Structure formats: C-alpha cells, structure tokens
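# A look at the structure
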2 protein chains.
Amino acid sequence: MAYRAHAEARLKEAGFRITTPRRRVIDLLAEAVGPVSAYEMRDQLEARGERIDIVSVYRIIGCLEQTGLVHRILSTGKVHRCVIEAHEPCGLPQPDHCHHSLICRTCGRIEEMHCPDIGSLLARAAATLGFALESHRLELGGLCKRCAA
Amino acid sequence: MAYRAHAEARLKEAGFRITTPRRRVIDLLAEAVGPVSAYEMRDQLEARGERIDIVSVYRIIGCLEQTGLVHRILSTGKVHRCVIEAHEPCGLPQPDHCHHSLICRTCGRIEEMHCPDIGSLLARAAATLGFALESHRLELGGLCKRCAA
DNA sequence: ATGCTGTTGAAAGTCTATTGCAATAAAGAG
DNA sequence: CTCTTTATTGCAATAGACTTTCAACAGCAT
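Notes on the structure follow. Every chain begins its residue count from 1, and numbering advances along the sequence as written. Think of it this way: whatever chain is written first is A, whatever ligand is written first is 1, and the rest follow in order. The predicted nature of this model means local features are confined to residues of pLDDT at least 70 and side-chain atom pairs, given and counted, to a pLDDT of 80 or more, with totals for whole chains, interfaces and linings taken over all residues. Heavy atoms from the whole structure form the basis of all side-chain values; hydrogens and water molecules are not counted.

### What to know about the overall build of chain A
To qualify as a helix, a DSSP run of H or I must reach at least 4 residues; to qualify as a strand, a run of E must reach at least 2; elements of each kind are numbered from the N terminus. Looking only at helices and strands, chain A has 6 helices and 6 strands in total. Its helices and strands in sequence order give chain A the pattern α-α-β-α-α-β-β-β-β-α-β-α, from N to C terminus. Classification of residues uses two cut-offs on accessible area relative to the type maximum, computed with a 1.4 Å probe and protein chains only: under 20% is buried, over 50% is exposed, and between them is partly exposed. When burial is assessed residue by residue, chain A has 44% of its 149 residues classed as buried. Residue contacts are counted whenever heavy atoms from the two residues lie within 4.5 Å of one another. A sequence separation of at least 24 residues applies to 54% of the contacts in chain A between residues at least 6 apart.

### Quick notes on the nonpolar core
Counting residues in hydrophobic clusters, the biggest one holds 28 residues, and the most contacted among them are L122(A) and L122(B). Residue assignment for this core shows that the elements contributing at least two residues are β4 (100-104), α5 (118-127) and β6 (132-143) of chain A together with β4 (100-104), α5 (118-127) and β6 (132-143) of chain B. For this analysis, a nonpolar core means a set of buried residues of the types Ala, Val, Leu, Ile, Met, Phe, Trp, Tyr and Cys, connected via side-chain atoms within 4.5 Å.

### Side note on the interface of chain A and chain B
In this assembly, 35 residues from chain A lie in contact with 35 residues from chain B. By convention, the term buried area covers the 1.4 Å-probe accessible surface removed from two parts as they join, with the contributions of both added. With both chains or domains summed, chain A and chain B bury close to 3000 Å², and 66% of this area falls on carbon and sulfur atoms. Area buried by chain A at its contact with chain B is led by L129(A), F131(A) and R137(A), which between them contribute 20% of it. Take a side-chain nitrogen of Lys or Arg and a carboxyl oxygen of Asp or Glu: if they are within 4 Å of each other, that pair is a salt bridge. At the junction of chain A and chain B, the tally comes to 0 salt bridges. Here a polar contact means two N or O atoms within 3.5 Å. Within protein one must be a hydrogen donor candidate and the other an acceptor candidate, and residues neighboring in sequence count only if both atoms are side-chain atoms. In this structure, the connection of chain A to chain B is made through 4 residue pairs in polar contact (both at pLDDT 80 or more). Going through the elements one at a time, β4, β5 (110-113), α5 and β6 of chain A are the ones with two or more residues in the side of chain A that touches chain B.

### Describing the protein's contact with DNA strand D
Taken together, 22 residues are adjacent to DNA strand D, and Y58(A), R22(B), R51(B), S56(B) and R59(B) come closest. Residues are labelled near a given molecule or strand when at least one of their non-hydrogen atoms is within 4 Å of it. Backbone atoms, meaning sugar and phosphate, make up 60% of the atoms of DNA strand D lying within 4 Å of the protein. Between DNA strand D and R22(B) there is a distance of 2.7 Å, counted from a phosphate oxygen to a side-chain nitrogen or oxygen. At a separation of 2.8 Å, a phosphate oxygen of DNA strand D approaches a polar side-chain atom of R51(B). Elements supplying a minimum of two residues to the surface near DNA strand D: α4 (54-66) of chain A together with α2 (20-31) and α4 (54-66) of chain B. Examining the composition of the surface near DNA strand D, we find that 4 residues originate from one element, α4(B), more than from any other. Three residue categories are used. Nonpolar comprises Ala, Val, Leu, Ile, Met, Phe, Trp, Tyr, Cys and Pro, charged comprises Asp, Glu, Lys and Arg, and polar comprises the others, including Gly. Across the surface near DNA strand D, the residue classes break down as 10 nonpolar, 4 polar and 8 charged.

### Topic: the relation of the copies chain A and chain B
Here the copies are matched by least squares. The fit uses the C-alpha atoms of residues with pLDDT of at least 70 in both. Each copy of the sequence occupies a distinct position, and chain A is placed on chain B by a rotation of 178° and an axial shift of 0.0 Å, giving an RMSD of 0.4 Å. Within this description, the copies of the chain are treated as partners about a two-fold rotation axis. Distance from the rotation axis, computed per C-alpha, reaches its smallest value in chain A at L138(A): 2.3 Å. The share of interface residues of chain A whose copies in chain B are also at the interface is 97%, consistent with both copies meeting through the same surface.

### Quick look at the pattern of salt bridges
All names here are of chain B. For the coordinates displayed, the defined rule picks out 18 salt bridges over all chains. We note a salt bridge from R23 to E8, for which the minimum N-O separation is 3.6 Å. Taken together, the residues span a long stretch of sequence, with R23 in helix α2 and E8 in helix α1 (residues 2-13) at a distance of 15 residues. The exposure class assigned to R23 is partly exposed, which follows from its relative accessible area of 27%. With a shortest N-O distance of 4.0 Å, R48 and E50 are connected by a salt bridge. Overall, the relative accessible area of 39% leaves R48 in the partly exposed class.

### So, the protein's contact with DNA strand C
The local shell around DNA strand C holds 22 residues, among which R51(A), S56(A), R59(A), I18(B) and Y58(B) are the closest. Here DNA strand C approaches the protein such that, of its atoms within 4 Å, sugar and phosphate make up 61%. Residue Y39(B) places a side-chain N or O atom 3.3 Å away from a base nitrogen belonging to DNA strand C. One of the side-chain nitrogen or oxygen atoms of Y58(B) is found 2.4 Å away from a phosphate oxygen of DNA strand C. Counting only elements with at least two residues in the surface near DNA strand C, the list comes to α2 (20-31) and α4 of chain A together with α4 of chain B. Here the surface near DNA strand C takes 4 residues from α4(A), the largest share from any one element. Here the surface near DNA strand C is composed, by residue class, of 10 nonpolar, 4 polar and 8 charged.

### Looking at the environment of A148(A)
Within the element layout of this structure, A148(A) appears in helix α6 (residues 145-148). Here A148(A) falls in the partly exposed class, since its relative accessible area comes to 43%.

This is a description of form; function is not addressed.
And the structure:
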C-alpha cells in the first residue's frame, strides 16, 4: 500500500517510531471510505482481531495529526472524525488541510467536496476585517444524492 | 433592552413560558461580546448572584435554539458556544443561521464575518455532487487585527 | 544481543451534555 | 386575587468523549 509507505516515512522523519498499533491505524484510515471516529477505529480493528486500546487510538491520532498525515473534522455531532490528508489545494491557506465536507442529515455519510474558488473569496472577506486567515473548516449539511432520491 | 422584548415575544409565540432563568440567559447572551458556552453562562450568572443550574442552562439554550433566537457554534475546541441570531442572510439556505466565524488563534476572540457571495458558489459545487444543501458551518482560524499587529 | 527511551494498555479521572423525577412557578380560569 | 394546570426548574445520577498516570513493553541505535 502506497499510503502506508508514505506515512511511515513521514513518521520516521518526525522522530516517531513505527509500531504495530500505528501501522494498524494507518492502514485502517487508508482503507476507510469516509471519516472515522476513534471508537469506530478501535471497534473495526478489534473486529478483525487486532486488539488495540482506545487510549492508544487517541494518541496515534494525535501523532498522525501532528505529522500532518490526518485531519480531524467535527462532523455530524460532537465527535471528532479523522480522514487522511487530501492533497487538493483550494486556494485558502492551510493547503494540507483542505476539507470541505458534505454531511448527510439522514444517512450520516460524509463526502468531501472540492471547491477551488472559495479561497480568494473568503480571504478577501476576512481581509476587510483585518483578519489574517490561516485555516478553515467548512462543513455543509443536507441530503446526499441517495437520500434525496 | 430591545433584544429581550423581541426574544420574549418569540418565545411566547412558540408557546414557551417567560421564566426568570430564561430571562437571565437571554439578557446574558444579549450583553455578551462573543459566543458563550453553557458553563460560562452559568458561572457568569452565578457571579452576579443569579443562581442557575447547568441543566437549566442547557435546556434554555435548546429552547432558544428551537425558537431560532440563538445559534450554536463549535468554536475553538469541542465546546459548543452560543450567539444570538444575526439577521444577515448570505445566500445559502438556512438563512436564520448564517454565521461565518473568524476565530483568533492567540486571543480566542470570535468575530462574525458577513460573506454574501459564498452561497451560490457552495450551492453550485454541492449540486454537482447531487447534494441538497440545507445548512452550513464555516469557521476560519487565524490572527485577528489586534493580535496580528 | 543489549540497553535506552518512546509507546502501549489498563484504570481512574475530567469535562461536556443528558435523563429521570420531585418540587416549583408561570399563565389562564374563575 | 386565588386556584389549578402544566411547563419548567434543580438535583442527583448517567452517558459519552477524551485525557492523565504509571507500570510493563517493544522499537531501534549501537
């Protein structure tokens, strides 16, 4: 898996060790279809027989986030969910953390939306207030294609 | 206070009673300079000698939110904070809940930004994925005017 | 293979938010 | 103004997400 090699390289670079639990979480996130919460990660890993403590999941998320490998979003509720970093700059600063999430009200599924033009628009609006933009979080709620039908 | 009258009218309209705790929370929010969390509300009220239980604060927030009088945002951390409703539609759906927050990384202050053009842009981008937009949350991080100086 | 030190797992703790229930008080009826 | 109904409050207990502490363990540099 390409992502795993990439991730391990960056972890090493940052002085982190490559451990079994870390590899497991990385693989899980790489396979995941959408953002995953800490408890979901633990349950999914345990389901495939890979024992891991919830505390470790949290710590691993923390180190992956520090390294810039994953990004945390606050999707539907108040639970943080993780996605591996996308690499599609949107024109805003924080190019490594560009996620515009579409969160479906009924099925809870989260899609990532690419919206390149939004950057300059927001940067300009913020600038008029003297605010220096560094990061952004954009979360949209509604009905996904399948649920709307 | 104009806001208090407005709020009481809307509560009555919606069939809610006007109680002392509710009046206190409404006044507090009307005076607040930025978004306030439930526990902050309780502490600030108790500090001025107005005893209130945290459970009631949560329930009151809920009823004010239902009535469209306040809006909850997830600012810096994972704690919900409340602001009284602005009345500046931005072109997105959810016209009563239009908040684009600028959150300062150093001082934590939150400013609301008005950005009218963003609506059609996002609606179009979401539509290409077949997503029916209903609500949005936009939170921008960075340095405010004062901290950047 | 060995030792140093970063990491893990388990238990207990913190913090935000919610639920159930008895006591209280708002608002309309008389 | 008092009574009655019923929404609302406060308290205690609970839920859920995340963190801290610390002993045991396992990378990895040598």
